[in-house]
Amino acid sequence: MPWLSYRKALNRALGDELARDPAVFVLGEDVRVAVSNVTAGLLGRFGPERVVDTPLSEQAFTGFATGAALAGMRPVVEFQIPALLFLAFEQIVNQAHKFSLMTGGQTAVPVTYLVPGSGSRAGWAGQHSDHPYGLFAHAGVKTVVPATPEDAYGLVVSAIRDDDPVVVFAPAGALDVRADVDFATLAPVALGAGRVHRQGSDVTVVAIGHLVHDALAVADELAGEASVEVFDPRTVYPFDWDGLADSVRRTGRLVVVDDANRTCGVAAEVLATAAERFDLTAPPARVTRPDGAVVPFAPALDRAVQPDRDQLATAIRKVLQD
Amino acid sequence: MAFLSAAAHADLYRVVRLIRRFEERAVELVRAGDIVGGIHPYTGQEAVAAGACAALRADDVITSTHRGHGHVLAKGADPKRVLAELAGRATGLNRGRGGSMHAADFRLGILGANAIVGANAPITAGAAWAAKRAGDGRVAVSFFGDGAVNQGVLLESLNLAALWRLPVLFVCENNGYATTLAVADAVAGTITGRGEAFGIPSATVDGMDPVAVLDAARTAVDRARSGGGPSLIECVTYRFDAHHTWEHRARVRYRPDDEVLKGRSRDPLDVQGSRLSDADRERVDAEVESVVDEAVAFALSSPHPDPEGALDDLYATGLRGRPGDGR
Ligand SMILES: Cc1ncc(C[n+]2csc(CCOP(=O)(O)OP(=O)(O)O)c2C)c(N)n1
Ligand SMILES: [Mg+2]
């Protein structure tokens, strides 16, 4: 079977949706030259009216997408770096997200916000290394963090077809992942549906984005001592609570690994829901970035604030002992 | 153009040369893997930093951008410590915490480079307001690119600076592109027109000539110091190298070859170098070479910071949050 890279999967999803629906268009910085590679070839195929380079005016072009959506289009906004979401936060959270309710259901805002390269990219320092999916989940904006090329394809397609605003975080740590897939099987992946990547009976590890691959590696490493199930929510809002409940019903133990600041993160939400709803046989654990982390520049310091495999293995062992 | 002494011409040339050689060596260190994450080379634009900073007092302040090494060096930062910062070493200006896009030296009035386009403009205005309140005569300079002129926050800052007559100098480096987007495809109206709309005296100058930049900056700085409020200078320049060193590996094409050739044909090194005698130029070149050699040696022999202290200084008060593994 042919190899599909994560970046190429994003590119393919955009190309397929542009071809399928004339209302879809892509806008953002340097999307014509395709600096992020995600829009490679699209200008040639679809022309400059559907692949639009914007000036560095993030607030304006994000709100512009809302306006275009209100008038019947399905914009996809690419953000070069995760921090640009902070600039556009008002336009997404306070505008796009609120229109449906505030207009009494008169309108929908089908905009997709795509962030190829969220999280640390080694050496990009404090203002380029955040992974702010938790902020959008908190605000209630639909938020997906695909881990694999197939899911990246399927979730981008679903995001574009969805009638609400959806933020797609493509973690920098997953962009180089490749998978051996039959292109004919590429299909939409429903928002809000998790995926069990590896079955196990002793403990459920909830891993988000690129950390799914770390969790799988740790699960292999611990195979001699424990049977680890790896659950990938794929969508962090709305979260697949039923899927997770099924998994935890079988394992009774829970560890979450989440590459985001600890306080009020998605991991915190998972543990809170577990406390409310699940019958755990041991206290759960989470591995995250530290509270309030600002990613320092020097590579070893950058790594030191991200969750790593050793921390995850330690957390799993601890939960199994309790 | 103002008359400058031979020594003043040599000083300007020294700064241009220092930035050029610093950047060339930094690119080599990126290629060698000693600088992780790459850099946005300032090569070609040296006349802007050299000219503008030559108009400043030691206690004036500047803010800078993702392409900030030139500004930081021109304001007097120690090349050894700037390069050590780029290499992520404990001896760097920011103790390895900031890297290329955040170099700062507060003792020299360098309030920091900034990785978010346009974000430094309001910071500069606030610093200028504080200087005005203190009555210490200090001036604040905001360097930014042509890409920043389409950021709302920059326009909002022009308004505040004009409204409150703040001692600010807005220095736009128009190098023709914001990453791959040409100015003609991004900027409606003009850059100076943005300043003029707020009643800010705005001028376009030759950004390949440090003396032309110095002239304009002096006029603006004098105005600011004497209570006349902000000015904007658009320096027309050209970026000789990549937007960022990742371009050295990626195939991105957006500047026609003949444009690049033409853009590089007028080199600030030669513009300013031609004002020195051959002997003086050679002497300065040799001095700069040893400064840069020393900087490389210092950076590469400096210790790496200890990961245990990754979040040192997160809070000024010393507050410590919980670690990521909860222990
Ligand atoms: C607000 C914001 N948008 C986008 C980026 C990504 N980015 C970094 S540099 C750059 C281009 C900046 O162009 P310009 O201001 O002309 O400066 P130059 O790079 O030419 O020196 C872009 C788009 C960013 N860092 N900040
Ligand atoms: Mg530019």
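Residues numbered from 1 in each chain as written. Chains lettered and ligands numbered in written order. Predicted model: local features only at pLDDT ≥ 70, side-chain atom pairs only at ≥ 80, totals over all residues. Heavy atoms only, no water.

A tally of helices and strands in chain B yields 11 helices and 7 strands. Taken over C-alpha atoms, the radius of gyration comes to 20 Å for chain B, in line with the 20 Å a tight globule of 327 residues would show. Taking the principal axes of its C-alpha atoms as reference, chain B extends roughly 60 × 45 × 40 Å. For chain B, the residues scored as buried account for 58% of the 327 residues in total. Accessible area for chain B stands at about 13200 Å²; split by element, carbon and sulfur atoms hold 54% of it. Side chains of chain B carry 37 positive and 42 negative charges; the gap between the two charge centres is 4 Å. (Helix = DSSP H or I, 4+ residues; strand = E, 2+ residues; numbered from the N terminus. Rg over C-alpha atoms; globule rule 2.2 N^0.38 Å. Buried < 20%, exposed > 50% of the residue type's maximum accessible area, 1.4 Å probe, protein only. Areas by Shrake-Rupley, 256 points an atom, 1.4 Å probe, with all protein chains shown as cover. Lys, Arg positive; Asp, Glu negative; His and termini not counted. Charge placed at Lys NZ, Arg CZ, Asp CG, Glu CD.)

Turning our attention to the environment of B:Trp164. Here B:Trp164 shows up in the loop between helix H6 (152-163) and strand E3 (168-174). Counting along the chain gives 32 residues from B:Trp164 to B:Lys132, while the straight-line C-alpha distance between them is 9.9 Å.

Moving on, we get to the site of ligand 1. In the vicinity of ligand 1 there are 23 residues, among which A:Glu58, B:His66, B:Arg67, B:Ala115 and B:Asn175 approach most closely. Residues within reach of ligand 1 are spread across chains A and B. With respect to ligand 1, the backbone of B:Gly147 contributes an N or O atom lying 2.8 Å from an oxygen atom. Of the residues belonging to the shell around ligand 1, the class tally is 10 nonpolar, 9 polar and 4 charged. (Near = heavy atom within 4 Å. Polar contact = N/O pair within 3.5 Å; in protein donor to acceptor, adjacent residues only side chain to side chain. Nonpolar A, V, L, I, M, F, W, Y, C, P; charged D, E, K, R; others polar.)

Averaged over every residue, the pLDDT of chain B is 97; the share at 70 or more is 100%. Scored by ipTM, the complex comes to 0.95, with pTM at 0.97. (pLDDT = per-residue confidence, 0-100.)

Below, the discussion takes up the packing of helix H4 (residues 79-86) of chain B against helix H11 (residues 278-301) of chain B. Residue and element names in this part refer to chain B. For the pair H4 and H11, the least separation of the axes is 8 Å and the interaxial angle reads 40 degrees. As summarised for this structure, H4 and H11 are arranged oblique, according to the angle between their axes. The two elements H4 and H11 meet at a crossing, and its hand is right-handed. On the side of H4, the interface is formed by Pro 79, Lys 80, Arg 81, Leu 83 and Ala 84, while H11 contributes Val 291, Glu 294, Ala 295, Val 296, Phe 298 and Ala 299. (Axes fitted to C-alpha atoms, helices over the stretch in contact; angles between N-to-C directions. Parallel < 35°, antiparallel > 145°, perpendicular 65-115°, else oblique. Left-handed = near helix turned anticlockwise from the far one by under 90°. Contact = heavy atoms within 4.5 Å.)

What the rule picks out here adds up to 10 aromatic pairs over all chains. Residues A:Tyr133 and A:Phe169 carry aromatic rings whose centres are separated by 6.0 Å and whose planes lie at 75 degrees to one another, so their mutual orientation is edge-to-face. With a gap of 36 residues between them, A:Tyr133 in helix H6 (residues 133-139) and A:Phe169 in strand E7 (residues 166-171) connect regions that are remote in the sequence. Summarising the burial analysis for this pair, A:Tyr133 and A:Phe169 share the class buried. For the pair A:Phe231 and A:Phe239, a centre-to-centre distance of 6.5 Å together with 35 degrees between the ring planes defines the contact as tilted. For A:Phe231, a relative accessible area of 2% corresponds to the buried category. Here A:Phe239 falls in the buried class, since its relative accessible area comes to 9%. Cluster of aromatic residues (ring-pair linked, three or more members): A:Phe89, A:Tyr133, A:Phe136 and A:Phe169. Stacked on the ring of A:Trp124, the Lys or Arg A:Arg121 has its end atom at 5.7 Å from the ring centre. Sitting over the ring of B:Phe298, B:Lys80 keeps its end group 6.0 Å from the ring centre. (Phe/Tyr/Trp six-rings, centres within 6.5 Å; stacked < 30°, edge-to-face > 60°. Lys NZ or Arg CZ within 6 Å of the ring centre and 35° of its normal.)

This part takes up the coordination of the magnesium ion (ligand 2). Residues and elements named next belong to chain B. Looking at the magnesium ion (ligand 2), the protein donor atoms are Asp 146 (OD), Asn 175 (OD1) and Tyr 177 (O), and they sit 2.1 to 2.2 Å from it. Along the chain, the residues donating to the magnesium ion (ligand 2) are arranged with the sequence spacing D-x28-N-x1-Y. Of this pair, Asp 146 sits in the loop between strand E2 (140-145) and H6 while Asn 175 is found in the loop between E3 and strand E4 (177-178), placing the two residues 29 residues apart along the sequence. Exposure class is identical for Asp 146 and Asn 175. Each is buried. (Donors = N, O, S within 2.8 Å, 3.2 Å for Na, K, Ca; no water.)

To continue, consider the interface of chain B and chain A. A common way to express how large an interface is: the accessible area buried when the components associate. With 44 residues of chain B at the contact, the number on the chain A side is 40 residues. Carbon and sulfur atoms supply 64% of the area that chain B and chain A bury against each other, a total of about 3200 Å² over both sides. When the buried area of chain B at its contact with chain A is split by residue, B:Ile116, B:Arg322 and B:Gly324 rank highest and sum to 19% of it. Scanning the region where chain B abuts chain A turns up 1 salt bridge. Of the charged contacts in the structure, one is a salt bridge between B:Arg322 and A:Asp291, with a shortest N-O distance of 2.9 Å. Run the count over chain B and chain A and you get 11 residue pairs in polar contact (both at pLDDT 80 or more). Looking at the side of chain B that touches chain A, its residues break down into 20 nonpolar, 17 polar and 7 charged. (Buried area = accessible area lost by both parts, 1.4 Å probe. Salt bridge = Lys/Arg side-chain N within 4 Å of Asp/Glu carboxyl O.)

The next point concerns the domain arrangement of chain A. Residue and element names in this part refer to chain A. Structurally, chain A comprises domain 1 (3-183) and domain 2 (195-321). The straight-line distance from the C-alpha centre of domain 1 to that of domain 2 is 26 Å. Linking domain 1 to domain 2 there are 3 salt bridges. Between Asp 151 and Arg 195 there is a salt bridge, with its nearest N and O atoms 2.9 Å apart. (Domains from an automatic or database assignment.)

This paragraph deals with the pattern of salt bridges. Residue and element names in this part refer to chain A. This structure, assessed with the given rule, holds 42 salt bridges over all chains. A salt bridge links Glu 17 to Arg 20; the nearest nitrogen and oxygen atoms lie 2.7 Å apart. On the criterion of helical spacing, the pair formed by Glu 17 and Arg 20 is a turn pair, its members being 3 residues apart in helix H1 (residues 6-20). Here Glu 17 falls in the buried class, since its relative accessible area comes to 1%. A salt bridge links Glu 229 to Arg 250; the shortest N-O distance between them is 2.8 Å. Of this pair, Glu 229 sits in strand E11 (residues 228-232) while Arg 250 is found in helix H9 (residues 241-251), placing the two residues 21 residues apart along the sequence. Look at Arg 250 and you get partly exposed, because its relative accessible area is 45%.

The next thing to look at is H1(A). Here H1(A) is 15 residues long and its end C-alpha atoms lie 21 Å apart, about the 21 Å a rise of 1.5 Å per residue gives. Three or more residues of H1(A) are buried, namely A:Tyr6, A:Ala9, A:Leu10, A:Asn11, A:Ala13, A:Leu14, A:Gly15, A:Glu17 and A:Leu18. (Expected span 1.5 Å × (residues − 1).)

To continue, consider helix H8 (residues 211-221) of chain A. Residue and element names in this part refer to chain A. When H8 is considered as a whole, its buried residues turn out to be Leu 211, Val 212, Ala 215, Val 218 and Ala 219. Along the long axis of H8, the arc covered by the buried residues comes to 120 degrees, so they all point the same way. Opposite the packed face of H8, turned more than 90 degrees from it, sit the exposed residues Asp 220 and Glu 221. Each element contacted by the buried residues of H8 is listed here: strand E9 (195-198), strand E10 (203-207), E11, strand E13 (254-261) and helix H12 (309-321). (Arc of directions from axis to C-beta.)

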